[in-house]
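# Fold and geometry: a report
Chain residues, written in single-letter form:
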Amino acid sequence: MAGRINDDDVKAVRDAVPIDAVVSEYLQLRSAGGGNLKGLCPFHDEKSPSFQVSPSKGLFHCFGCQEGGDTIAFVMKIDHLSFSETVERLAALAGITLRYEEGGYNPTHQRGERVRLVEAHKAAAQFYVEQLDSAEAEIGRKFLAERGFDQSAAEHFGVGYSPAGWDHLTRYLRGKGFSDKELTLSGLSQEGRRGPIDRFRGRLMWPIRDITGEVVGFGARKLRDDDNGPKYLNTPETAIYKKSQVLYGIDLAKKEIAKTSRAVVVEGYTDVMACHLAGVTTAIATCGTSFGGDHIKILRRLLMDNASAEVVFTFDGDAAGQKAALRAFEDDQKFAAETSIAITPGGMDPCDLRLAKGDAAVVSLVETRTPLFEFAIRHVVSRHNLETPAGRAAALDEAAPIVANIKNVAIQHESAVQLAGILGILDTQFVVKRVAQLARWARDRGGRGPAAPPGRRPTPSYDAAPSHPSGPALNLRSPAHRTERELLKLALQRPELVSPAFDAYGADEFTAPPYAAVRQVIEEAGGAEQGAQNASDYLAQVREAAPNDTVRALVTELAVEPIMRKSVDEIYAGEQLIRVRLRAVDRRILDVQGTLARLGGPHADPEQLAAVQNELWVLQQYAQSLRNHGAAAL
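Structural notes, computed from the coordinates. (Residues numbered from 1 in each chain as written. Predicted model: local features only at pLDDT ≥ 70, side-chain atom pairs only at ≥ 80, totals over all residues. Heavy atoms only, no water.)

### With respect to the side chain of Ser-499
In this fold, Ser-499 is placed in the loop between helix 21 (495-498) and helix 22 (513-524). Only 3.5 Å separates the side chain of Ser-499 from the backbone nitrogen of Glu-529, close enough to count as a polar contact. In this structure Ser-499 touches Ala-528, Glu-529 and Ala-532, once residues within four positions along its chain are discounted. (Helix = DSSP H or I, 4+ residues; strand = E, 2+ residues; numbered from the N terminus. Polar contact = N/O pair within 3.5 Å; in protein donor to acceptor, adjacent residues only side chain to side chain. Contact = heavy atoms within 4.5 Å.)

So this is what it looks like as structure tokens:
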């Protein structure tokens with residue numbers, strides 16, 4: 001095994017790969033002000049973006065689920081990689097050669113499993129592409145040509161060919177240093193009577209890439225009549241390939257999806273190719289499974305739940321296509337985006353449509369879409385006899401809840417009016433009121449109170465030090481807690497503005513135990529003065545000094561969260577320093593006054609009483625000086 005990666009190399013990788021560039025491979029980011037970016041969190045479901053990225057600090061933090069960290073932490077979390085696997089991947093991206101503490105760098109060392117499987121797929125994809133030029137692959141080239149795809153189209157999508165022999169790819173990958181175990185785990189090979197054989201043989205091959213562009217699987221199309229396998233054979237479930245979590249073409253379409261706030265969902269690999277070549281470059285497809293919840297999560301991160309965002313499904317007009325459309329409609333409420341359906345004419349899929357009528361017909365298909373809820377309504381209504389009062393009433397009972405579920409209130413009202421017309425009910429207001437009532441009931445049933453009172457956060461354990469002050473749970477409605485939070489943000493983000501005064505503050509000046517824990521971690525990392533002198537390593541040192549993940553997550557959160565003022569200067573920093581110190585002094589004054597009241601009896605020790613009275617006088621004078629002179633009195 002390769003040894004521990006050199007610390008300097010880890011730092012070089014962390015500094016070389018911008019966090020916003022990495023995160024942007026997975027979700028759309030927009031300006032959040034103050035140099036920060038925001039997007040929908042990839043680690044939990046949310047309706048509005050609470051995930052923030054700070055490019056200048058190299059950190060991310062989600063204010064919804066509290067996930068946070070640096071570039072390495074993000075990739076580890078989202079791709080389920082080990083620390084070393086992540087550093088190796090990012091190092092390759094940045095062109096950095098890593099050194100290992102034990103035995104130096106040796107490229108033959110075993111790498112992490114996921115990294116090895118991805119490398120095997122990359123090599124396989126190149127092998128298949130090269131084989132498409134062989135004499136044997138003439139049948140594959142003919143298949144593509146008959147569907148309107150030339151050599152440049154095949155190259156653009158990485159289409160290849162798997163030779164018909166038993167173990168051509170297996171032998172090729174063995175020669176590249178991959179073990180039989182790795183080839184089986186990858187799904188590229190399978191066990192035969194005499195050892196591993198190729199899983200894909202004599203087929204046209206489409207590489208399936210994840211959102212970052214890495215090949216994680218293949219879709220293989222049967223070409224010959226003597227092939228007894230299924231028409232399409234996909235990679236089996238592996239450590240890197242989960243068919244419910246990948247979308248074919250997402251690597252090519254993601255930027256345009258984010259830019260236009262529209263995604264077009266088609267049914268097959270050739271349909272994606274046809275759409276892209278026709279100019280519909282937001283087309284994607286599922287890989288051997290129906291469109292589901294995990295696919296929705298991928299799209300929502302790219303669409304950012306824009307009010308104008310839209311997902312367009314294309315289905316054949318036959319019974320199977322209608323069934324698929326209704327199945328998609330069941331998931332409609334999981335989208336913040338509007339959903340539409342484009343029914344292909346004459347049962348043609350986009351690939352056939354392009355062949356028969358050209359690129360313009362494919363573009364027109366998408367542009368002449370129908371809202372998915374309208375399709376569902378018409379499908380429901382078609383099952384009833386609208387010639388009778390009973391039939392119209394039954395159709396209304398079934399269709400009204402569909403209209404009531406429409407998210408946009410204005411569209412909901414217009415659709416209720418439209419439903420009345422479809423049903424032939426002259427009293428339009430009756431239908432509108434019925435739909436509005438159902439919508440209210442749905443909201444009432446679905447309404448749930450917050451898990452904690454507004455303004456409060458969960459209070460996990462913050463054992464940052466052997467001891468920390470007891471105090472109330474973290475409550476962002478508390479003026480004291482808000483000020484303490486603001487001061488800590490300044491100490492992490494703009495240490496030069498609060499140094500050296502901040503370093504004289506004790507942990508007991510922070511009333512919230514989580515903030516006291518962060519204060520102590522800053523001290524253990526050398527204090528704000530260290531940050532002012534060495535800004536590049538400061539945050540990393542503070543995060544490394546954290547005693548546990550809870551404190552480390554809070555440090556990241558405070559380092560990313562915008563400061564509550566657009567213009568941050570020494571005056572603003574001084575105000576926060578004064579407020580925290582003044583509240584601490586006022587608390588101490590109250591404590592001393594309580595002690596003085598207890599000592600005020602006839603049997604009080606004169607010396608002890610005098611000492612307490614003197615402390616009280618000093619504290620009161622100090623408080624007055626802070627109020628009169630501000631930061632100059634610190």
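Still to come is the rest of the account.
### Re unusual backbone geometry
A cis amide bond, omega 5°, links Ser-499 with the succeeding residue Pro-500. Position of Pro-500 among the secondary structure elements: in the loop between helix 21 and helix 22. A positive phi angle, close to 75°, is found at Gln-66, a residue other than glycine. For Gln-66, the location among the structural elements is in the loop between strand 4 (59-62) and strand 5 (68-70). Even without being a glycine, Ser-261 presents a positive backbone phi close to 55°. Tracing the backbone through its elements, the reader meets Ser-261 in the loop between helix 10 (250-260) and strand 12 (262-266).

### Let's talk about the environment of Ile-343
Along the chain, the position of Ile-343 falls in strand 15 (residues 338-344). As a C-alpha pair, Ile-343 and Phe-375 span 32 residues in sequence and 10.0 Å in three-dimensional space.

### Here we look at the pattern of salt bridges
Applying the stated criterion across every chain yields a total of 36 salt bridges. The partner of Glu-367 in a salt bridge is Arg-262, and the shortest N-O contact between them spans 3.1 Å. Placement of Glu-367 in helix 15 (residues 359-367) and of Arg-262 in strand 12 is noted, with a sequence separation of 105 residues between them. Between Glu-615 and Arg-588 there is a salt bridge; the shortest N-O distance is 2.9 Å. (Salt bridge = Lys/Arg side-chain N within 4 Å of Asp/Glu carboxyl O.)

### Considering the sheet that holds strand 6 (residues 160-162)
Pairing in this open sheet of four strands is antiparallel, and the strands run 6-9-10-11 from one edge to the other. Two strands bound the open sheet, and with one partner strand each, they are strand 6 and strand 11 (232-234). For this sheet, the mean angle separating the axes of adjacent strands, direction not counted, is 35°. Pairing between strand 9 (residues 203-209) and strand 10 (residues 215-222): seven bridges, direction antiparallel. Counterpart to Arg-209 in the pairing with strand 10 is Val-215. Across the sheet, helix 5 (residues 113-131) is in contact with strand 6, strand 9 and strand 10; its angle to strand 10 comes to roughly 35°. (Pairing = 2+ DSSP bridges. Axes fitted to C-alpha atoms, helices over the stretch in contact; angles between N-to-C directions.)

### Description of the packing of helix 22 against helix 24 (residues 535-545)
Where helix 22 meets helix 24, the axes come as close as 8 Å, and the angle between the chain directions of the two elements is 120°. Of the two elements, helix 22 crosses helix 24, and the hand of that crossing is right-handed. Residues Val-521, Ile-522 and Glu-524 of helix 22 lie in contact with helix 24, whose contacting residues are Tyr-538, Val-542 and Ala-545. Residues that form the contact of helix 22 with helix 24 fall into these classes: five nonpolar, no polar and one charged. (Left-handed = near helix turned anticlockwise from the far one by under 90°. Nonpolar A, V, L, I, M, F, W, Y, C, P; charged D, E, K, R; others polar.)

### Quick word on the packing of aromatic side chains
Summed over the entire model, instances satisfying the criterion amount to 18 aromatic pairs. Pairing Phe-43 with Phe-60 gives two aromatic rings, centres 6.2 Å apart and planes at 45°, and the pair type is tilted. Of the two residues, Phe-43 is situated in the loop between strand 2 (36-39) and strand 3 (51-54) and Phe-60 in strand 4; the sequence distance between them amounts to 17 residues. Chaining the aromatic ring pairs together yields one cluster made of Tyr-26, Phe-43, Phe-51, Phe-60 and Phe-74. Between the NZ or CZ atom of Lys-77 and the centre of the ring of Phe-43, over which it lies, the distance is 5.7 Å. Its guanidinium or amino end placed over the ring of Tyr-505, Arg-581 lies 4.1 Å from that ring's centre, counting from NZ or CZ. (Phe/Tyr/Trp six-rings, centres within 6.5 Å; stacked < 30°, edge-to-face > 60°. Lys NZ or Arg CZ within 6 Å of the ring centre and 35° of its normal.)

### Section: helix 11 (residues 269-278)
Within helix 11, nine of the ten residues are buried, which leaves the element mostly enclosed by the surrounding structure. Buried within helix 11 are the following residues: Tyr-269, Thr-270, Asp-271, Val-272, Met-273, Ala-274, Cys-275, His-276 and Ala-278. Just past helix 11, the residue Gly-279 takes up positive phi, approximately 110°. (Buried < 20%, exposed > 50% of the residue type's maximum accessible area, 1.4 Å probe, protein only.)

### Re the state of the cysteines
In a disulfide, the sulfur atoms of two cysteines are held together by a covalent bond. Counted according to the given criterion, the structure contains zero disulfides. Lacking any disulfide linkage, Cys-41 is separated from the closest cysteine sulfur, that of Cys-62, by 3.6 Å. Free cysteine: Cys-351, not disulfide-bonded; nearest cysteine sulfur from Cys-275 at 9.3 Å. (Disulfide = S-S within 2.5 Å.)

### What about the sheet that holds strand 4?
In sheet architecture, strand pairing relies on hydrogen bonds along the backbone and comes in two forms, parallel and antiparallel. One open sheet accounts for five strands, arranged 1-2-3-4-5; its pairing is antiparallel. Among the strands making up the open sheet, the edge pair consists of strand 1 (30-33) and strand 5. Neighbour to neighbour, the strand axes of the sheet diverge by 25° on average, direction disregarded. Looking at chain direction, strand 2 and strand 3 are connected through three bridges and run antiparallel. Residue pairing across strands places Leu-37 opposite Val-53, the latter belonging to strand 3.

### Structural notes on the environment of Ala-283
In this structure, Ala-283 sits in strand 13 (residues 283-285). Looking at Ala-283, the relative accessible area reads 0%, which means it is buried. On a C-alpha basis, the gap between Ala-283 and Val-264 in space is 4.5 Å, while along the polypeptide they are 19 residues apart. Those residues in contact with Ala-283, other than ones at most four positions away along the chain, are Gly-249, Ala-253, Val-264, Val-272, Cys-275 and His-276.

### A short note on helix 12 (residues 293-303)
Among the eleven residues that make up helix 12, eight are buried, leaving the element largely enclosed by the rest of the structure. The complete set of buried residues in helix 12 reads His-295, Ile-296, Ile-298, Leu-299, Arg-300, Arg-301, Leu-302 and Leu-303. Where helix 12 ends, the next residue or the one after it, Met-304, has phi of about 60°, a positive value.

### Details of the nonpolar core
Formed by 49 residues in total, the largest nonpolar core has its most connected members in Phe-51, Phe-74, Ile-250, Ile-257 and Leu-299. In terms of residue count, helix 12 provides more of this core than any other element does, five residues in total. Contact partners of Phe-74, with chain neighbours within four places excluded, come to Val-22, Val-23, Tyr-26, Leu-27, Pro-42, Phe-43, Phe-51 and Phe-60. (Core = buried A, V, L, I, M, F, W, Y, C linked by side-chain atoms within 4.5 Å.)

### Remarks on the side chain of Asn-6
Secondary-structure assignment places Asn-6 in the segment before helix 1 (7-16). Filtering out sequence-adjacent residues up to four positions away, Asn-6 remains in contact with Arg-99, Tyr-100 and Glu-101.

### Some words on the pairing of strand 4
Both faces of strand 4 are covered, namely the face carrying Leu-59 and His-61 and the face carrying Phe-60 and Cys-62. The pairing of strand 3 with strand 4 spans four bridges and is antiparallel. Within the sheet, the bridge partner assigned to Val-53 lies in strand 4 and is Phe-60. What sits between strand 3 and strand 4 in their antiparallel hairpin is a turn of four residues, with Gly-58 showing a positive phi close to 70°. The pairing of strand 4 with strand 5 spans three bridges and is classified as antiparallel. Along strand 5, the bridge assignment pairs Phe-60 with Gly-69. Hairpin connection between strand 4 and strand 5: a loop of five residues separates the two successive antiparallel strands, and Gln-66 in this loop has a positive phi of roughly 75°.

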